[in-house]
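Examining the three-dimensional arrangement
Listed here are the chains, written in short residue letters.
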Amino acid sequence: MPEFKDLSLLKNKTLFIFDMDGILWNSMEPIPSGISAVQKLHKLGKQVVFLTNNSSKSRESYKEILSQLGISCEIKDIFTSGYLTAKILSCLYPSAKIFVIGEEGLITELKLEGFKILNEEFPDLENKESIPINIRADLIVVGWDRKVTYNKFRTAMSLIKNGAKFYATNDDASFPAPNNQLWPGTGAIIAFLSTALNKKPENIFGKPNPDGILSILRINKTLQDEAVLIGDRLNTDILGGNRAGITTIAVETGINNRQDLLKAPQEQHPTYFFTNLDELIKRNFFRN
Ligand SMILES: [Mg+2]
């Protein structure tokens, strides 16, 4: 099993990429082992950045949440799938006009990159049964949206039929919700639109797409063998980290457990598998 591997290999790593949901909290209930691991890594002088597929909040909001948990960081250390999507699309389609299925965090990140948001320019657009001839979008961007409606889907579908390109932030089928529930995630929203259009998004930027992780390495001038990704989800976090060619640690504090690991394909197997991040303390990782 991966968990018996020698931890000394981890000592040379300089950049630790933390997923947040299921690692630092579950439904906003703090996970002490995850928070303490970040604080101890900071004390060791390691660089820690945060990468989430959740596009509903902006990086600024996450900075505030982390600060409330006792983790200090800069905004440049936070990467959401909404931010990565905005950043990559701004290189491909600068100043494009976008119709968004998504929440405030995604809209904020798109606006910060200079995009025009069609939903804000024409707030009544969703209520129209057909799109006026003078209104068009260059792009449709789909993220997690807890207020998505049939009218929103209808509008997005018409705009795509009229030539807009279809992109999405991430493909998580479900979202870990309070009281051990699972709610429909962005993947379910994409599936609704994809089925209606018989068309998949041009690209999905969150994990397991390795491009976002590789951008983080480039931004932080870090090589693949110097970086570690820590996540709870085998088919997004761990697969993404493996595809990016970096060391991966899966922990059981979120979505997946040991039984899931046994059933998972090889490409989703982490380098290390821990019950929780206290294993790093128990196995003397933080001791010189
Ligand atoms: Mg997670």
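In short, a report on the structure. (Residues numbered from 1 in each chain as written. Predicted model: local features only at pLDDT ≥ 70, side-chain atom pairs only at ≥ 80, totals over all residues. Heavy atoms only, no water.)

A separate point is helix 5 (residues 104-112). Along helix 5, the residues that are buried comprise Gly105, Leu106, Ile107, Glu109 and Leu110. Looking at the residues trailing helix 5, positive phi occurs at glycine 114, about 90°. (Buried < 20%, exposed > 50% of the residue type's maximum accessible area, 1.4 Å probe, protein only. Helix = DSSP H or I, 4+ residues; strand = E, 2+ residues; numbered from the N terminus.)

The next point concerns the side chain of serine 215. Residue placement: serine 215 occurs in helix 9 (residues 210-219). Serine 215 sits in the buried class, given a relative accessible area of 15%. A polar contact of 2.8 Å, which involves the side chain of serine 215, links it to the backbone oxygen of aspartate 211. (Polar contact = N/O pair within 3.5 Å; in protein donor to acceptor, adjacent residues only side chain to side chain.)

Tallied over the full model, the rule gives one cavity of 30 Å³ or more. By volume, the largest cavity is sized at about 200 Å³. In this structure, the largest cavity is lined by 19 residues; those nearest its centre are Asp21, Asn53, Asp172, Phe175 and Arg233. Of all elements in the fold, only strand 10 (174-177) and helix 10 (234-243) reach the threshold of two or more residues within the lining of the largest cavity. With three residues, the top contributor of residues to the lining of the largest cavity is strand 10. Mapping the lining of the largest cavity onto the domain boundaries places at least three of its residues in each of domain 1 (2-53 + 207-282) and domain 2 (83-204). (1 Å grid on protein atoms, 1.4 Å probe; cavity = no way out; pocket = protein on both sides within 12 Å on 5 of 7 lines; lining within 4 Å. Points joined across faces, edges and corners; volume = space filled by probe spheres on them. Domains from an automatic or database assignment.)

What follows deals with the pattern of salt bridges. All told, the structure shown has 14 salt bridges when counted by the stated rule. Ionic pairing is found between glutamate 113 and lysine 87, a salt bridge with its closest N-O pair at 3.5 Å. With glutamate 113 in the loop between helix 5 and strand 7 (116-117) and lysine 87 in helix 4 (residues 81-92), this pair connects stretches of sequence that are 26 residues apart. Judged by its relative accessible area of 22%, glutamate 113 falls in the partly exposed class. According to the relative accessible area criterion, lysine 87 is partly exposed, its value standing at 37%. (Salt bridge = Lys/Arg side-chain N within 4 Å of Asp/Glu carboxyl O.)

To continue, consider the pairing of strand 14 (residues 247-251). Of all five residues in strand 14, five are buried, a share of seventy percent or more. In strand 14, alternate side chains face the same way, and those of Thr247, Ile249 and Val251 on one face and Thr248 and Ala250 on the other are all buried. Of the pairings in the sheet, the one linking strand 13 (residues 227-231) to strand 14 comprises four bridges and is parallel in character. In the strand pairing of strand 14, glycine 231 is matched with alanine 250. Taken together, the three bridges between strand 14 and strand 15 (residues 272-274) define a ladder with parallel strand orientation. Bridge assignment links isoleucine 249 to a residue of strand 15, and that residue is tyrosine 272. (Pairing = 2+ DSSP bridges.)

Another aspect to go through is the sheet that holds strand 1 (residues 15-18). As summarised here, the arrangement of the six strands in space is 5-4-1-13-14-15, forming an open sheet in which the pairing is parallel. The open sheet has two free edges, formed respectively by strand 5 (78-80) and strand 15, since each of these has just one partner strand. Here the average twist between neighbouring strands, direction ignored, is 20°. Against the sheet, helix 4 engages strand 4 (47-52) and strand 5, with an angle of about 80° to strand 5. Where helix 10 meets the sheet, its contacts fall on strand 13 and strand 14, and the angle it forms with strand 14 comes to roughly 165°. (Axes fitted to C-alpha atoms, helices over the stretch in contact; angles between N-to-C directions. Contact = heavy atoms within 4.5 Å.)

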